[in-house]
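Each chain is listed here by its residues.
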Amino acid sequence: MSKKIVVLGAGTAGTIVSNNLRRHLPKDWEITVIDRDDEHIYQPGLLFVPFGIQKSSTLVKSRKKYISPGVNFVMDEITGIDPDKRTVKTKNHTFTYDFLVISTGCRIVPEENDGLMDAWGKNAFTFYDKDAADQLRLRLKEFDGGKLVMNIAELPFKCPVAPIEFVFMADWFLKKKGIRHKSEIELVTPLPMAFTKPKAAAVFTESARVKNIKITTSFELNRVDGKEKYIESVQGDKVKYDTLVIVPTTIGDPVISDSGMDDGIGFVPTHHNTLKALKHDRVYVIGDATNVPTSKAGSVAHYEADVVVFNIMAEIYGAKPEEIYDGHSTCFIVYSKGTSSLIDFNYKIEPLPGKFPMPKLGPFTLLKETKANWYGKLAFEPLYWNVLLDGKHLGMPPTLVMAGKEVG
């Protein structure tokens, strides 16, 4: 047996799973991780760039720094995957594997939204990209009132709480500038409510009401009219704006589609609990590349990494992969510079009120805006980089939400 594992993508998911595999497997297993560049971006920090809280340059570090010794890091562009022959082709090499981990992530494609490119960088912006977040920062700096609309083009998209965070942060930012009284803020979403989980959606909707933020639901974007400054739904409804902030259409990596392994929009059909590719043997999928029904967020990648490593090792030693991933996700929701909320949930259990990570003790509070949660959010960034380095999970109990009623 050749004993080779190839990991596609060195983002959060790919880096942690590579480092974890290296820690647990003997040296005769060769682990190779492939990515097109050496720039690892701390994506949660992009939300703070438009509001001048964080500089985009501080969010980028070398991938090499966080990939463990004993893991081969190959900087090359992946051009094709053949799961039958168990090979991966790049521009310069061909790799064979015994196990493949797909962690190719996802990307925004604003060109897929009718009319958006005509308004792009003029009156339509995003913060889901480093350079675009800097452009939006300049726009908000000169914003002196009017209607600010946050729109989600379609599902799925990365970090489902980020648009909610943006409108809450915009409320804080415009109050700080002294122009909130002459500004409107509106969140326009294709979801039937503010968030995917009803109990959390109710809490966020009430917070929006208190902050005088309008939420328009079930709005399926058809086109953007940058000249007349409005967005139009498939049903023909229009929402006017002065500044549009948008999460454009999001798709998986094109190499997944080009290799015939996708679900129609670039994501890999994945078993919800084992994280194995449904149609291919010895292939696991992790992070934003999956089509599992949970958040495309960093915490999910952390929790999934433990499962992927466990199941690959199970297969190596002749056992069947176990159905142990429960869709666990943990998300901070920033309300302002100084306050944040926190949610913790999985496939079956909704976000619940209580304390986290220890019931009754905390120190963080679930589904409630507090200062302590803000400091937890601040502490998360250095923790994130350290977690990448040692390949371990976040240290949050992976079965916490399984207790459901016991949380808090």
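Residues numbered from 1 in each chain as written. Predicted model: local features only at pLDDT ≥ 70, side-chain atom pairs only at ≥ 80, totals over all residues. Heavy atoms only, no water.

**Some thoughts on unusual backbone geometry**
So, step 1. For the bond from Leu155 to Pro156, the omega torsion is -5 degrees, close enough to zero to count as cis.
So, step 2. The topology assignment puts Pro156 in the loop between strand E12 (146-152) and helix H5 (162-177).
So, step 3. For the peptide bond that leads from Gly362 to Pro363, omega is 20 degrees, which places it in the cis range.
So, step 4. Here Pro363 is to be found in strand E24 (residues 362-366).
So, step 5. A positive phi angle, close to 55 degrees, is found at Arg86, a residue other than glycine.
So, step 6. Arg86 sits in the partly exposed class, given a relative accessible area of 26%.
So, step 7. Of note in this structure, Lys229 is not a glycine but carries a positive phi near 60 degrees.
So, step 8. Examined against the element boundaries, Lys229 turns out to sit in the loop between strand E15 (221-225) and strand E16 (230-233). (Helix = DSSP H or I, 4+ residues; strand = E, 2+ residues; numbered from the N terminus. Buried < 20%, exposed > 50% of the residue type's maximum accessible area, 1.4 Å probe, protein only.)

**What to know about the pattern of salt bridges**
Close approach of charged atoms allows side chains of opposite charge to pair.
So, step 1. For the coordinates displayed, the defined rule picks out 18 salt bridges.
So, step 2. Of the charged contacts in the structure, one is a salt bridge between Asp28 and Lys3, with a shortest N-O distance of 2.5 Å. Residue Asp28 is located in the loop between helix H1 (12-24) and strand E2 (30-35), and its partner Lys3 is located in the segment before strand E1 (4-8); the two are separated by 25 residues in the primary sequence.
So, step 3. Its relative accessible area of 43% is what places Asp28 among the partly exposed residues.
So, step 4. Between Asp225 and Arg223 there is a salt bridge, with its nearest N and O atoms 3.6 Å apart.
So, step 5. Overall, Asp225 belongs to the buried group, its relative accessible area being 14%. (Salt bridge = Lys/Arg side-chain N within 4 Å of Asp/Glu carboxyl O.)

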